[in-house]
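A closer look at the structure
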Amino acid sequence: MKWVLFDYGEVLSHAQPEDDRVRLAEAAGVDSDRFWRGYWEHRLEFDRGVLSPSAYWSEVLGRRMRDPEVERLVRLDVESWSHINEDTVAIIEELRTSGTRVALLSNAPVCLADRIELMPWASTMNARFYSGHLGLVKPDAEIYLRVAAELGARPSDFVFVDDRLVNVSGAESAGMSAIHFRGATQLRDALKPTNGTPKTP
C-alpha cells in the first residue's frame, strides 16, 4: 500500500501571518531585515536539533539571550506556525478513508514538534516524524530513507508532498515520488488517480 508523506509548514499549516512576523521581530528588538536573515540562516541547525532554543535565538540576534526572552520568542515562533490549513488537513481523512496510509515529515525543532503533537488531526495520521527528533533535515536524502526504513517500506512506496522544490527534489533523490504543493485543490487533483499515486507529468 502506498504512503502519502506530508510536510507540515505551508502545507498542513499556513505561512506565518504578517502580524505574527511583526510581533516576532518586535519581541527580538532588532531591525526586521536583520531578524529574518538570522532566523533563516540558522534555522536548519535548529530544526536538526544541533542548536537548543537558547543557542538558536542567541545566534539569530548575535547576543547571549536571557531565559525569559528565549521563552517569549519560542512561544511567538511556535504560534506563528500553528495556523492550520483546514483544506489540506481534510485530505488526510479522505486518504485514510480510501485506505491510503498517511504520515508527516517536518523540519521542526522539538518545541514546534511538541505543539504539532497536540493538534487533533495529528493523532489521525499513521506516523509522524520531526527533524528535531531525528537529527536529520530535509532536503538531505538520508531523512527520507530513515522514514521509509522506520515504516518498513521502500522509498518507491511513498508520495511526498512539500511546498519547497528543494525538498521535493530531495525526496526524489531518495527514490520517492513527490508533489510540489501549491494548494489543496491542486494536491487533491494530483492524488486522484490511484489512492495516492500522483499523475504522470
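Residues numbered from 1 in each chain as written. Predicted model: local features only at pLDDT ≥ 70, side-chain atom pairs only at ≥ 80, totals over all residues. Heavy atoms only, no water.

Brief notes about the overall build of the protein chain
Note the following rule: The helix count covers DSSP runs of H or I at least four residues long, the strand count covers runs of E at least two residues long, and both are numbered beginning at the N terminus. C-alpha atoms define the radius of gyration, and 2.2 Å times the number of residues to the power 0.38 defines the globule rule. Residue contacts are counted whenever heavy atoms from the two residues lie within 4.5 Å of one another. For the accessible areas, the method is Shrake-Rupley and the probe is 1.4 Å, while residue cover comes only from the protein chains on display.
Counting secondary structure elements, the protein chain contains 11 helices and five strands. Since a compact globule built from 201 residues should have a radius of gyration of about 17 Å, the 17 Å found for the protein chain is in line with a globular shape. A principal-axis box enclosing the C-alpha atoms of the protein chain has dimensions of 50 × 30 × 30 Å. For the protein chain, the proportion of contacts with a sequence separation of at least 24, taken over those separated by at least 6, is 63%. Of the roughly 9,600 Å² of accessible surface on the protein chain, 49% is carried by carbon and sulfur atoms.

Digging into the sheet that holds strand S3 (residues 127-130)
We count it as follows: Should DSSP find at least two bridges between two strands, the strands are regarded as paired. To get an axis, fit a line to the C-alpha atoms, keeping to the stretch in contact for a helix; angles then go from 0 to 180 degrees between the N-to-C directions.
Pairing within the open sheet is parallel, and its five strands lie in the order S3-S2-S1-S4-S5. On the outer flanks of this sheet lie S3 and strand S5 (177-180), each paired with one strand and no other. With strand direction ignored, the average angle separating the axes of adjacent strands in the sheet is 20°. Along the sheet, helix H10 (residues 165-173) contacts strand S4 (158-162) and S5; its crossing angle with S5, the most-contacted strand, is approximately 170°.

So, the environment of Ala153
On the secondary structure map, Ala153 appears in the loop between helix H9 (141-150) and S4. In this structure, the C-alpha to C-alpha distance between Ala153 and Lys2, residues 151 residues apart in sequence, is 9.0 Å. The residues touching Ala153, leaving out its near neighbours within four places in the chain, are Trp3, Ala148 and Phe158.

Structural notes on the side chain of Ser13
Looking at the secondary structure, you find Ser13 in the loop between strand S1 (3-6) and helix H1 (18-28). Each residue touching Ser13, except ones within four places of it in the same chain, is listed here: Tyr8, Trp81, His83, Ile84 and Asn85.

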